[in-house]
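Coordinates in review
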Amino acid sequence: MSITILGIESSCDDTSAAVICDCVLASNVIASQKVHEAYGGVVPELASRAHQQNIVPVVSEAIRQAGIKKSDIDAIAFTRGPGLLGSLLVGTSFAKGLAMALDIPIVDVNHLHGHVLSHFIKENEDSEVPEFPFLCLLVSGGNSQIIKVDSPYRMEVMGQTIDDAAGEAFDKCAKVMGLPYPGGPYIDKLAAEGDATRFKFSKPHIPAFDYSFSGLKTSFLYTLRDEVARNANFIEENKKDLSASLQKTIIDILMDKFALAIKETGIKTIAIGGGVSANSGFRNRVQEFAGLHSLKAFIPKRSFTTDNAAMVAVAGHFKYLNKDFCSLDLPPYARVSV
Ligand code: KG4
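Residues numbered from 1 in each chain as written. Predicted model: local features only at pLDDT ≥ 70, side-chain atom pairs only at ≥ 80, totals over all residues. Heavy atoms only, no water.

Turning our eyes to something else, we now look at the packing of aromatic side chains. Overall, the coordinates contain nine aromatic pairs when judged by the stated rule. Between the aromatic rings of Tyr 211 and Phe 213, the centroid separation amounts to 6.0 Å while the plane-to-plane angle is 25°, which identifies the pairing as stacked. We classify Phe 213 as buried; its relative accessible area is 0%. Through pairs of rings, three or more aromatic residues link up here, namely Phe 120, Phe 132, Phe 134 and Phe 318. One cation-aromatic arrangement involves Arg 225 over Tyr 222; the distance from NZ or CZ to the ring centre is 4.6 Å. (Phe/Tyr/Trp six-rings, centres within 6.5 Å; stacked < 30°, edge-to-face > 60°. Buried < 20%, exposed > 50% of the residue type's maximum accessible area, 1.4 Å probe, protein only. Lys NZ or Arg CZ within 6 Å of the ring centre and 35° of its normal.)

Below is the structure:
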């Protein structure tokens, strides 16, 4: 008997709903909130209001596109955290209400587990998925973590950032260059035409598998400050080289520790996930590294790198198999590690 899960994601600024049948994708609808662009970052109150407006049409559309009836759904999986509390409350409350109406169980999902398990979203029956254990480098606007994934239920964080996340480094440096928010994709585009060897920015010396990106951010800022003092048009004239050099440094930092963890554990299957894993330079470097060291690499489709409900539904699928349901009085949480 097949298992049909409706996933709901509302942790930040994307309202998303997806339907999966035995982990095979039937629909994945995402409504991105443009309202934040004018503010250079996500405004929590505006995000909650937009989720409130989007949630009913997004869920209805996901069910319609999947070609199922509400009565076909076996369980509803929702992101419980981490994220913005007001945003999470919208998805959590909606999931509970719909589950009560349909008299089906609900499954709470840790958003970060969703990113890691996004590699189990199948486009069709034959889609290849990672074997356990695998090492996942999860890089987003809020997290940079190396995770040893022993099973869908057992994940160990081997290392993580002690300050900024990789995505924050992209976004904050992009902001000082006058690029729109979020800056990561703009840096990615500019970097493709720039000289990555032109500027040198500082790299951290942090023990074990942990990351730090705040020193790089400061070094980037100081370079701009000194150069702009000499030439007011410096940023405009050097955007491509600055982007390429910054991107290369971020990827170097990410890959140095990831390589160390791969060597230490001897694990041969690796994966990346989270918003920054959409970065072209990063994707190429991981693929190259895997080829060089005879590793199997799982690089997510770009549509599964950013927040989406398909990954929440898949994480929910695994919990459903264990009958790991949650009660209707479970509150969302803003912060948690894997
Ligand atoms: O996982 P995600 O969608 O959500 C948060 O953690 O908020 O990640 C968003 C992050 C942002 O920092 C964004 O700039 C970054 O992912 N990002 C990228 C690219 N696409 C998204 N960074 C670099 N290159 C990209 N192509």
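Here the focus is the sheet that holds strand S9 (residues 269–273). Taken in spatial order, the five strands line up as S8-S7-S6-S9-S10 in an open sheet, and their pairing is mixed. Whereas interior strands pair on both sides, the edge strands pair on one side only; in this sheet they are strand S8 (155–160) and strand S10 (296–298). Ignoring which end each strand starts from, the neighbouring axes of this sheet average 20° apart. Sheet contacts for helix H7 (residues 234–265): strand S6 (134–139), strand S7 (144–149), S8 and S9; angle to S6, the most-contacted strand, approximately 160°. (Pairing = 2+ DSSP bridges. Helix = DSSP H or I, 4+ residues; strand = E, 2+ residues; numbered from the N terminus. Axes fitted to C-alpha atoms, helices over the stretch in contact; angles between N-to-C directions. Contact = heavy atoms within 4.5 Å.)

Another aspect to go through is the environment of Asp 241. Turning to its location among the elements, Asp 241 is positioned in helix H7. Given the relative accessible area of 17%, Asp 241 is considered buried. Considering only alpha carbons, one finds Asp 241 and Gly 194, 47 residues apart in sequence, at a separation of 4.3 Å. When near neighbours in sequence (up to four residues on either side) are disregarded, Asp 241 contacts Gly 194, Asp 195, Arg 198 and Phe 199.

Turning our attention to a nonpolar patch on the surface. Together, Val 176, Leu 221 and Tyr 222 give the surface a local cluster of nonpolar side chains, amounting to about 260 Å² of exposed area. On the secondary structure map, Val 176 appears in helix H4 (residues 166–176). (Patch = residues over 30% accessible without salt bridge, like charges linked within 9 Å, V, L, I, M, F, W, Y side chains within 5 Å. Areas by Shrake-Rupley, 256 points an atom, 1.4 Å probe, with all protein chains shown as cover. Salt bridge = Lys/Arg side-chain N within 4 Å of Asp/Glu carboxyl O.)

Look at any regular strand and the pattern is simple: side chains alternate between the two faces of the sheet. For strand S4 (residues 75–81), the buried fraction is high: seven of the seven residues fall into the buried class. Strand direction decides the pairing type here: S4 and strand S5 (residues 106–110), joined by five bridges, are parallel. Note on S5: the bridge partner recorded for Gly 81 is Asn 110. Since S4 and S5 lie parallel, the crossover through helix H2 (residues 85–102) that links them has a hand, and here it is right-handed. (Right-handed = clockwise from strand over helix to strand, strands pointing away.)

Moving on: the packing of helix H1 (residues 44–66) against H2. Two numbers describe how H1 lies on H2: the axes approach to 8 Å, and their chain directions differ by 30°. For the element pair H1 / H2, the angle class is roughly parallel. Crossing of H1 over H2 shows right-handed handedness. Here H1 contributes Ala 47, Ser 48, His 51, Gln 52, Ile 55, Val 56 and Val 59 to the contact with H2, which in turn contributes Gly 86, Ser 87, Val 90, Gly 91, Phe 94 and Leu 98. (Parallel < 35°, antiparallel > 145°, perpendicular 65-115°, else oblique. Left-handed = near helix turned anticlockwise from the far one by under 90°.)

The next point concerns the site of the ligand. The environment of the ligand is made up of 18 residues, and the closest members are Gly 141, Asp 171, Asp 188, Gly 275 and Asn 279. A distance of 3.3 Å separates an oxygen atom of the ligand from a polar atom in the backbone of Gly 167. Measuring from a nitrogen atom of the ligand, one finds a side-chain N or O atom of Asp 188 at 2.8 Å. Coverage of the ligand by the protein chains reaches 85% of its 550 Å² of free accessible surface. Listed by contribution, the elements that provide at least two residues to the shell around the ligand are H4 and helix H5 (184–191). Of the residues belonging to the shell around the ligand, the class tally is five nonpolar, 10 polar and three charged. Viewed by domain, the shell around the ligand spans two of them, domain 1 (4–127 + 304–321) and domain 2 (134–301), each represented by three or more residues. (Near = heavy atom within 4 Å. Polar contact = N/O pair within 3.5 Å; in protein donor to acceptor, adjacent residues only side chain to side chain. Nonpolar A, V, L, I, M, F, W, Y, C, P; charged D, E, K, R; others polar. Domains from an automatic or database assignment.)

So, on to the pairing of strand S1 (residues 4–9). Taking burial as the measure, the six residues of S1 include six buried ones, the bulk of the element. Of the two faces of S1, the one holding Thr 4, Leu 6 and Ile 8 and the one holding Ile 5, Gly 7 and Glu 9 are both buried throughout. As judged from the six bridges shared by S1 and strand S2 (residues 14–21), these two strands associate in the antiparallel manner. Looking across to S2, one finds that Gly 7 is bridged to Ala 18. Connecting S1 to the antiparallel partner S2 that follows it, the hairpin turn spans four residues. Two elements, S1 and S4, share four bridges in a ladder whose sense is parallel. Across the sheet, the residue bridging to Leu 6 is Ile 76, located in S4.

Interpretation in functional terms is not warranted from these geometric data alone.
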